[in-house]
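The lines below spell out each chain.
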Amino acid sequence: MGSISMLAAAFLRVTKQYLPHLARLCLISTFLEDGIRMWFQWNEQRDYIEATWSCGYFLATCFVLLNLVGQLGGCVLILSRNFVQYACFGLFGIIALQTVAYSILWDLKFLMRNLALGGGLLLLLAESRSEGKSMFAGVPSMGESSPKQYMQLGGRVLLVLMFMTLLHFDASFFSILQNMVGTALIILVAIGFKTKLAALTLVVWLLAINVYFNAFWTIPAYKPMHDFLKYDFFQTTSVIGGLLLVVALGPGGVSMDEKKKEW
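The name an unreviewed UniProt entry gives the protein chain is Surfeit locus protein 4, with Salarias fasciatus as the organism. Its UniProt record, at the heading Sequence similarities (unreviewed entry), says of the protein chain: "Belongs to the SURF4 family." UniProt lists a comment for the protein chain under the heading Subcellular location (unreviewed entry), and it reads "Endoplasmic reticulum membrane".

See the structure below:
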């Protein structure tokens, strides 16, 4: 365990200047991909919304346009580090809108993944808070960074929902082992104990699962499974981005790692 911690520490020293940038790019990848998809599948998306909600041509067009502009615009702002807080709130709105429009609210797996995506945005919001003037400047708190700490806690807890969708409930040895190790790691991240090491381990695990199970590039583009795997791949990549933010920034003040410093 000690040698693993040393390797993780060495990795963080080498990558500390690049990790936040990589984390941001991974985190916004699903919004970037979905925004581009709205452009290339404009008619299909509009027709789906119009047929599903019987809202008419105009409102369906507005929905697609809002998703396209909101997602691509938010990605540009986040990558350029301009108005990041407003971009995050805009993307929160896009997640909520899509959750209702595509009936994700009634699909537990996809709902948990959307909440995990929201957790990544919460962590990005916490990071942006330390870079400029806080949007919560007038809110009384117990400490100067209290809102940031609770955003980091909420982000960590929401992120681990992604891994709950990956648990396999069968009696095979590999599944039992995977569930035990995965559950231990997500608990560590959620409570903030050995957080950076646990989050980095989850990044490696999730990256391997993502490349193996969501290899959309092996499926012909005309098959529906291609789009399904592509969506899953980029959504999982965004959660990886959120975990990389945890690795780069640490768990925040509301965590066992922080409390250990007071003991």
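Moving on, we come to empty space enclosed by the protein. By the definition in use, this model includes one cavity of 30 Å³ or more. Estimates place the volume of the largest cavity at around 90 Å³. Every residue along the wall of the largest cavity is listed here: Thr-30, Phe-31, Asp-34, Gln-71, Ile-94, Ile-95, Gln-98, Asn-114, Leu-117, Tyr-231 and Gln-235. Elements with a minimum of two residues in the lining of the largest cavity: helix H2 (19-40), helix H5 (84-101), helix H6 (108-129) and helix H11 (224-249). A breakdown of the residues in the lining of the largest cavity according to their chemical character gives five nonpolar, five polar and one charged.

All chains considered together, the criterion is met by five salt bridges. Between Glu-33 and Arg-37 there is a salt bridge, with its nearest N and O atoms 3.9 Å apart. Highlighted residues: Glu-33 and Arg-37, both in helix H2, separated by four residues, approximately one helical turn. Among the residues examined, Glu-33 registers a relative accessible area of 9% and is labelled buried. Between Arg-46 and Asp-47 there is a salt bridge, with its nearest N and O atoms 3.3 Å apart.

Let's shift gears to the confidence of the model for the protein chain. Mean pLDDT over the protein chain works out to 85, with 88% of the residues at or above the 70 mark. When mean pLDDT is compared element by element in the protein chain, helix H4 (residues 56-80) scores highest at 95, while helix H1 (residues 2-15) scores lowest at 67. Here residues 133-144 scores under 50 on pLDDT; set against residues more than four positions off or in separate chains, the count is 12 contacts.

Calculation rules
Residues numbered from 1 in each chain as written. Predicted model: local features only at pLDDT ≥ 70, side-chain atom pairs only at ≥ 80, totals over all residues. Heavy atoms only, no water. UniProt positions renumbered as here; feature names shortened; annotations may be inferred. 1 Å grid on protein atoms, 1.4 Å probe; cavity = no way out; pocket = protein on both sides within 12 Å on 5 of 7 lines; lining within 4 Å. Points joined across faces, edges and corners; volume = space filled by probe spheres on them. Helix = DSSP H or I, 4+ residues; strand = E, 2+ residues; numbered from the N terminus. Nonpolar A, V, L, I, M, F, W, Y, C, P; charged D, E, K, R; others polar. Salt bridge = Lys/Arg side-chain N within 4 Å of Asp/Glu carboxyl O. Buried < 20%, exposed > 50% of the residue type's maximum accessible area, 1.4 Å probe, protein only. pLDDT = per-residue confidence, 0-100. Contact = heavy atoms within 4.5 Å.

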